[in-house]
Amino acid sequence: MTTRPLILLVDDDVTLLQVISSHLHLEGFEAIASQTAAQAMAYLQELPVSLVIVDIFMPDQDGMETIGQIRTHWPNLPIIAMSGGWRTISPDTILETAKALGAQDALAKPFDRQTLVEAVRRRLAAG
């Protein structure tokens, strides 16, 4: 029996979590969703997560700090950052900063299913 990769999704937008989770399930991946960084860290301690997709702007803790925490405890875990930008800061600027902090890939919101799946497959293959 082959185990499907488990992908942890971290975003405060419930609708987006549902959409991304559905896309991943259709492509043969398992996904677990977290609306907070604290819950995401708990999942990482309890579950065999293969990859994390994390939003940069969340109310409890921003994604930059979350990426830093993941890198401290799980230095080899693949991370994909995602962002739609914020006020006067472009998504490209934000996502380049996320990469500098340890995310290996970045998705600018909105993104389509193909872009998502390509990024996930790329990160898991590089694993």
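Quick notes on the rules
Residues numbered from 1 in each chain as written. Predicted model: local features only at pLDDT ≥ 70, side-chain atom pairs only at ≥ 80, totals over all residues. Heavy atoms only, no water. Axes fitted to C-alpha atoms, helices over the stretch in contact; angles between N-to-C directions. Helix = DSSP H or I, 4+ residues; strand = E, 2+ residues; numbered from the N terminus. Parallel < 35°, antiparallel > 145°, perpendicular 65-115°, else oblique. Left-handed = near helix turned anticlockwise from the far one by under 90°. Contact = heavy atoms within 4.5 Å. Nonpolar A, V, L, I, M, F, W, Y, C, P; charged D, E, K, R; others polar. Pairing = 2+ DSSP bridges.

Engineer: Any chance you could explain the packing of helix 1 (residues 14-26) against helix 5 (residues 113-126) here in plain terms?
Structural biologist: Interaxial distance between helix 1 and helix 5 falls to 10 Å at its minimum, and their mutual angle equals 65°. The angle between the axes of helix 1 and helix 5 places the two elements in the roughly perpendicular class. Relative to helix 5, the crossing made by helix 1 is right-handed. The segment helix 1 lies against helix 5, with Ile20, His23, Leu24 and Leu26 engaging Arg113, Leu116 and Val120. Residue composition of the contact of helix 1 with helix 5, by class: 5 nonpolar, 1 polar and 1 charged.

Engineer: I keep staring at the sheet that holds strand 3 (residues 51-55) and nothing clicks. Help me out?
Structural biologist: Within a beta sheet, neighbouring strands are joined by backbone hydrogen bonds and run either parallel or antiparallel to one another. Pairing is parallel in the open sheet, where 5 strands are placed in the order 2-1-3-4-5. Lying at the two open borders of the sheet, with one neighbouring strand each, are strand 2 (30-34) and strand 5 (105-108). Going across the sheet, the axis of each strand differs from the next one's by a mean of 20°, ignoring polarity. Across 4 bridges, strand 1 (residues 6-10) lies against strand 3 in parallel orientation. If you follow Val10 over to strand 3, its bridge partner there is Val54.

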